[in-house]
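Chain residues, written in single-letter form:
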Amino acid sequence: MSRAAERLRLMINHLDRSSATISAVPTYAQTFTSRPQTLRFTHDTDLLTPEQRLFYEENGFLLIKNLVSEEDIDKFRMAFERICRQEVKVPGLVVMRDVAIVKSEFVADEKAVSKLQDFQEDPELFRYCNLPQILNYVECFTGPNIMAMHTMLINKPPDAGKKTSRHPMHQDLHYFPFRPADSIVCAWTAMEKVDRQNGCLVVLPGTHTGTLQEHDYPEWEGGVNKMYHGVRDYDPKHPRVHLEMEKGDTVFFHPLLIHGSGMNKTQGFRKAISCHYASAECYYIDVKGTLQENIENEVKDIAIRKYGLGEITFKDTWALRGRLVQGERTSL
Ligand SMILES: CCCCCCCCCCCCCCCCCCCC(=O)SCCNC(=O)CCNC(=O)[C@H](O)C(C)(C)COP(=O)(O)OP(=O)(O)OC[C@H]1O[C@@H](n2cnc3c(N)ncnc32)[C@H](O)[C@@H]1OP(=O)(O)O
Ligand SMILES: Nc1ncnc2c1ncn2[C@@H]1O[C@H](COP(=O)(O)OP(=O)(O)OP(=O)(O)O)[C@@H](O)[C@H]1O
Ligand SMILES: O=C(O)CCC(=O)C(=O)O
Ligand SMILES: [Fe+2]
Ligand SMILES: [Mg+2]
C-alpha cells in the first residue's frame, strides 16, 4: 500500500470510529451531509492527498491552484481570437452570442461571442483536454479510460443591463444521457482572475450526493440564453461558495453539483475553458419519460435545424462529439 493510501486508510478508520470532525479537512458540507464511510466518488491513483479525496467526497468539487501554465492559456486565448475573427473554420463548432446582443448587428469580434461549444476539432483548443496534468486529476474521478465528452470556452460578456450574463443554478448531468454520474467530471480552468465582480462560479457544496433535479428556463425578466436551464426549486438557504480563482487555477466538479455563475459587473469578458470527461465505460441511457426529456427535445431540434441532420438520437449527438483522450474507447 502506498503511503498516501495508508494515510487515507488511517483517516477513514478514524472517521468510522469517531464522531468528531477532522480539523485538517476544510469542509463546507459537514452540517448537511453525513461523512462518507466509504469512498464513493474518488479513485486512488496516488495523486490526491487523503485530505483532497475527503474534500471531494464531501463537497463535490476540488480546486487545484496554478494547474495550467500562463503560456498555454495565452495560446488558447489566441486560438479563441482567431476563431472570433473568422480566420479559421472549425467543423462542428457552435458559436454562441449572448441573448441580449444576438439581435444586434453582427461583428466578427470576440465581443460578439459569449461561448464556443464543441471545439473538439480545433487542435489548439482541444490540447486543453489532453493536458497531462489535467488528465492525471481526471483519472482520479473517472478511472483510466477517459472520454472528453463536451468542450466549451466561455467568454462571459459584461452584463448588458438585463442580467442575461448570469448562468442559472444547474446540474450538468441534466444535459447528459450517460451514466453513472460518479464517473463523470468537469474540469473548468480560469483563463484570467475570476471573482464575484466578473461572475465566478458559485457552487452549493455537498449537493452532488443528491439526485438529478427538474430543470427548466428560469423566469428572468431580461431573458435567458438558449439552453440555460436552471434547477426549478433549489434551497435558497443552502450555503453557497463563490469560487474565486486566478489564471490557471482549475476546479474539478461532479455533474450533480448544483452550480451557476453570477452577473459580470465589469467591462471585461470573463474567460474560462472547460471539458466534461466521462469514463469510457459509461453507458447511454434512454431519457424518454424522464426529467431530461425537455433537454433531449431541444438538442435534437438544434441538431436537425442547424446541422440539417435528419432524425438523430440524443445519444448519437453525444457519441459523435465524444473523443477518447486516454486508454481505450470501450462503451461511450
Ligand atoms: C454531430 C451532432 C451535433 C449535434 C449538435 C447538438 C448541438 C447542441 C449542443 C448543446 C448541448 C448542450 C450541452 C451542454 C452540456 C454541458 C452543461 C453545460 C451547461 C450549459 O452550458 S447550458 C448552455 C449550453 N447551450 C448552449 O450553449 C447553446 C448552444 N448554442 C447554440 O446552439 C446556438 O448558439 C443557438 C443558441 C441555437 C443560436 O445559433 P444560431 O441558430 O446559429 O443563431 P442565429 O443567430 O441564427 O439565431 C437563431 C435564433 O436563435 C436565437 N438565439 C441566438 N442565440 C441565442 C441565445 N444565446 N439565446 C437565446 N436565443 C438565441 C436568435 O435570436 C434566433 O431567433 P429567431 O427567433 O430570430 O429565429
Ligand atoms: N433571482 C435568481 N433566480 C435564480 N438564480 C439566481 C437568481 N439570482 C442569482 N441567481 C443565480 O445564482 C448564482 C450566483 O448568484 P449571486 O447572487 O452570487 O451572483 P450575483 O448576484 O451576480 O453576485 P453577488 O451576489 O456577488 O453580487 C448565479 O448562478 C445566478 O445566476
Ligand atoms: O462559466 C460559467 O459561467 C458557468 C459554466 C457552466 O456551468 C456550464 O456551462 O455548465
Ligand atoms: Fe455547468
Ligand atoms: Mg447576488
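The shown structure was predicted, so the numbers you read here are calculated from the model rather than taken from an experiment.

Caption draft 1: Broad picture of the nonpolar core. Counting residues in each nonpolar core, the largest one holds 58 residues, and the members touching the most others are Leu125, Tyr128, Ile134, Trp188, Phe252 and Tyr277. Residues contacting Leu125, with those up to four places away along its chain left out, are Phe76, Ala79, Phe80, Ile83, Leu116, Phe119, Leu153 and Ile273. Core analysis: the next-biggest nonpolar cluster, separate from the first, contains 22 residues, Leu173, Tyr175, Phe176 and Ile302 among them.

Caption draft 2: Layout of the site of ligand 2. In the vicinity of ligand 2 lie 15 residues, with His167, Arg196, His242, Met263 and Lys265 positioned nearest. Contacts to ligand 2 include Arg166, whose side-chain N or O atom sits 3.0 Å from a nitrogen atom. One nitrogen or oxygen atom from the main chain of Ser261 is found 2.9 Å from an oxygen atom belonging to ligand 2. Most atoms of ligand 2, that is more than half of them, are within 2 Å of grid points of the second largest pocket. Those elements that provide at least two residues to the shell around ligand 2 are strand E5 (167-170) and strand E13 (259-261). At three residues, E5 tops the list of elements feeding residues into the shell around ligand 2. The residue makeup of the shell around ligand 2, split by class, is six nonpolar, five polar and four charged.

Caption draft 3: Region of the structure containing the environment of Arg179. For Arg179, the position within the fold is in strand E6 (residues 178-179). Considered as a pair, Arg179 and Ser279 are 100 residues apart in the sequence and their alpha carbons are 9.1 Å apart. The contact partners of Arg179, leaving out residues within four places of it in the chain, are Leu173, Leu212, Cys282, Tyr283, Ile285 and Gln292. At a separation of 2.8 Å, a polar atom in the side chain of Arg179 contacts the main-chain carbonyl oxygen of Phe176.

Caption draft 4: Here's a closer look at the confidence of the model for the chain. On average, residues of the chain score 87 in pLDDT, and 85% of them reach the 70 mark or higher. Ignoring residues within four places in sequence, the model shows residues 12-36, a span with pLDDT below 50, making 43 contacts including any to other chains.

Caption draft 5: Local environment of the layout of surface pockets. Computed from the structure, the second largest pocket encloses a volume of approximately 490 Å³. As for the second largest pocket, its lining consists of 23 residues, and the residues nearest its centre are Arg166, Pro168, Met169, Trp220 and Tyr234. At the level of elements, E5 and strand E10 (230-231) are the ones that each hand at least two residues to the lining of the second largest pocket. Ranked by the residues each element gives to the lining of the second largest pocket, the list is headed by E5, at three residues. Of the residues in the lining of the second largest pocket, the class split is ten nonpolar, six polar and seven charged.

Caption draft 6: Layout of the state of the cysteines. Counting across every chain of the model gives zero disulfides. We note that Cys84 lacks a disulfide partner, and the nearest cysteine sulfur, in Cys129, lies 17 Å from it. No disulfide involves Cys186; its nearest neighbouring cysteine sulfur is the one of Cys275, lying 7.7 Å away. Here Cys186 falls in the buried class, since its relative accessible area comes to 2%.

Caption draft 7: Representation of the sheet that holds E5 within the structure. Ordered by their spatial adjacency, four strands build an open sheet running E5-E13-E8-E11, and the pairing between neighbours is antiparallel. Strand pairing shows two members of the sheet lacking a second neighbour, E5 and strand E11 (241-243), which therefore form its edges. When the angles between neighbouring strand axes are averaged without regard to direction, this sheet yields 25°. Bridge count between E5 and E13: two bridges; the pairing is antiparallel. What sits directly across from His167, in E13, is Ser261.

Caption draft 8: Representation of helix H4 (residues 123-130). By the burial criterion, the buried members of H4 are Leu125, Phe126, Tyr128 and Cys129. Viewed along the axis of H4, the buried residues span an arc of 125°, placing them on a single side of the element.

So, how was this worked out
- Residues numbered from 1 in each chain as written.
- Chains lettered and ligands numbered in written order.
- Predicted model: local features only at pLDDT ≥ 70, side-chain atom pairs only at ≥ 80, totals over all residues.
- Heavy atoms only, no water.
- Core = buried A, V, L, I, M, F, W, Y, C linked by side-chain atoms within 4.5 Å.
- Buried < 20%, exposed > 50% of the residue type's maximum accessible area, 1.4 Å probe, protein only.
- Contact = heavy atoms within 4.5 Å.
- Near = heavy atom within 4 Å.
- Polar contact = N/O pair within 3.5 Å; in protein donor to acceptor, adjacent residues only side chain to side chain.
- 1 Å grid on protein atoms, 1.4 Å probe; cavity = no way out; pocket = protein on both sides within 12 Å on 5 of 7 lines; lining within 4 Å.
- Sits in = over half its atoms within 2 Å of the grid points.
- Helix = DSSP H or I, 4+ residues; strand = E, 2+ residues; numbered from the N terminus.
- Nonpolar A, V, L, I, M, F, W, Y, C, P; charged D, E, K, R; others polar.
- pLDDT = per-residue confidence, 0-100.
- Points joined across faces, edges and corners; volume = space filled by probe spheres on them.
- Disulfide = S-S within 2.5 Å.
- Pairing = 2+ DSSP bridges.
- Axes fitted to C-alpha atoms, helices over the stretch in contact; angles between N-to-C directions.
- Arc of directions from axis to C-beta.

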